[in-house]
Amino acid sequence: MNANAYRIKGKIRTSLLLKWSIGLFMLAAMPAEPVTAEALAVQEALGQESNTGGSRSVAIVIDDFGNGMPGTEEMLNLPVKITVAVMPFMPSTREDAEHAHEQGHDVIVHMPMEPNKGLKKWLGPGAITIDLSDEEVRKRVEEAIDNVPHAVGMNNHMGSKITANERIMRVVLTVCKERGLFFLDSRTTHLSVVPKIAEEVGIPVLMNNVFLDDVYTEQHISKQVSVLRKHLETHDSAVTIGHVGPPGRKTASVLKQSIPGIQDIATFVKLSDMVQQSMGDPFILPNP
């Protein structure tokens, strides 16, 4: 789609996006990474409800697709719809995105962003780093979106330094708005400016509530599922993030065992469902 077409789509969405207000964010104290049972703090979208009408909803997001990582097939074959976060410019980026889309899962861009700690080589190609100009940030975000088929949203891969930077996040979120994507803040830092800038730009934003596998053991992953369930006892919705890769098969196994119990108290939805529910009107998503 050319630039003029994207601008036209942007105008169509404008009236819908104006419905966003600060009430959407309901800001609470945001925890430092990772979210644990001892430091569970939440931030959720106003009016999020499940498809069953009034019951709780939960979205599973699985990061780090795109490199043929362990757990890829196990995650895609979970018995509920999930949101698949695919890194751009990787060996299996397009294959994983196409496979996920064919199975009815959401696909989002897992955008590499510079962290406060760690090596830049861990980020992969096309990463957003603090030294880039606005023009280069825009270019890299647009290229990443183009590289991930069927993407309807974006979240950050690492990115504790970038998601705390207003200049860069304003560019990132502006491009997402122009391209019809929502943004999920993975919340790798309590200093994130994403809610503030998203409100300014007028873009749908969701927030991660629980990291499942920041420690690569089934015992810890099961503990984090308990944190998720506890959150759902008192909140209408939750977003939880797991990963393919080193913990992939363990996380998939724990999720498969845990899904029936969670379904007793909540409905599993995709992130795009949460966005549409919180908007109050149909949100025009790309790549239908």
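Right above here is the structure, for reference.
For clarity, every value in this text was computed on a predicted model and none was experimentally measured.

Caption draft 1: A look at the overall build of the chain. If you tally the helices and strands in the chain, you get 9 helices and 9 strands. Counting all 288 residues of the chain, 57% fall into the buried class. Here the chain displays about 11900 Å² of accessible surface, and carbon together with sulfur accounts for 53% of that area.

Caption draft 2: Structural detail: the environment of Met-158. With respect to the helices and strands, Met-158 occurs in strand 4 (residues 151–158). The class for Met-158 is partly exposed, based on a relative accessible area of 23%. Met-158 sits 30 residues away from Thr-188 along the chain, and the two C-alpha atoms are 6.7 Å apart. Apart from the residues lying within four places of it in its own chain, the contact partners of Met-158 are Met-113, Pro-115, Lys-117, Trp-122, Leu-123 and Thr-188.

Caption draft 3: Focus on the packing of helix 5 (residues 166–178) against helix 6 (residues 194–201). One way to put it is that helix 5 packs onto helix 6 with a least axis distance of 9 Å and a crossing angle of 50°. When the interaxial angle is binned, helix 5 and helix 6 end up oblique. As for how helix 5 packs across helix 6, the hand of that crossing is right-handed. Counted together, Glu-166, Met-169, Arg-170, Leu-173, Thr-174 and Lys-177 of helix 5 and Val-194, Lys-196, Ile-197, Ala-198, Glu-200 and Val-201 of helix 6 form the full contact between these two elements. Each residue belonging to the contact of helix 5 with helix 6 can be placed in one class, and the counts come to 6 nonpolar, 1 polar and 5 charged.

Caption draft 4: Main features of the packing of helix 4 (residues 134–147) against helix 5. Here helix 4 crosses helix 5 at 40°, and the two axes come no closer than 9 Å. The orientation of helix 4 with respect to helix 5, classified from their angle, is oblique. Read as a crossing pair, helix 4 and helix 5 show a hand that is right-handed. Packed against helix 4, whose contacting residues are Asp-134, Val-137, Arg-138, Val-141, Glu-142 and Ile-145, the element helix 5 presents Arg-167, Ile-168, Val-171, Val-172, Thr-174, Val-175 and Glu-178 at the interface. A breakdown of the residues in the contact of helix 4 with helix 5 according to their chemical character gives 7 nonpolar, 1 polar and 5 charged.

Caption draft 5: Spotlight on the pattern of salt bridges. Enumeration over the complete set of coordinates arrives at 12 salt bridges. Between Arg-249 and Glu-74 there is a salt bridge whose closest N-O contact spans 3.2 Å. Here Arg-249, found in helix 8 (residues 248–262), pairs with Glu-74, found in helix 2 (residues 72–76); they are 175 residues apart in sequence, far enough to count as distant. One salt bridge connects Glu-178 with Arg-138, and the closest N-O pair in it is separated by 2.9 Å. Of this pair, Glu-178 sits in helix 5 while Arg-138 sits in helix 4, and the two are 40 residues apart along the sequence. Look at Glu-178 and you get partly exposed, because its relative accessible area is 32%. Connected through salt bridges with shared partners, the residues Glu-166, Arg-170, Lys-196 and Glu-200 form a single ionic network.

Caption draft 6: Here's a closer look at the side chain of Asn-147. By secondary structure assignment, the location of Asn-147 is in helix 4. Non-local contacts of Asn-147, meaning those with residues more than four positions away in its chain, are made with Pro-88, Phe-89, Thr-93 and Arg-94.

Thresholds applied
- Residues numbered from 1 in each chain as written.
- Predicted model: local features only at pLDDT ≥ 70, side-chain atom pairs only at ≥ 80, totals over all residues.
- Heavy atoms only, no water.
- Helix = DSSP H or I, 4+ residues; strand = E, 2+ residues; numbered from the N terminus.
- Buried < 20%, exposed > 50% of the residue type's maximum accessible area, 1.4 Å probe, protein only.
- Areas by Shrake-Rupley, 256 points an atom, 1.4 Å probe, with all protein chains shown as cover.
- Contact = heavy atoms within 4.5 Å.
- Axes fitted to C-alpha atoms, helices over the stretch in contact; angles between N-to-C directions.
- Parallel < 35°, antiparallel > 145°, perpendicular 65-115°, else oblique.
- Left-handed = near helix turned anticlockwise from the far one by under 90°.
- Nonpolar A, V, L, I, M, F, W, Y, C, P; charged D, E, K, R; others polar.
- Salt bridge = Lys/Arg side-chain N within 4 Å of Asp/Glu carboxyl O.

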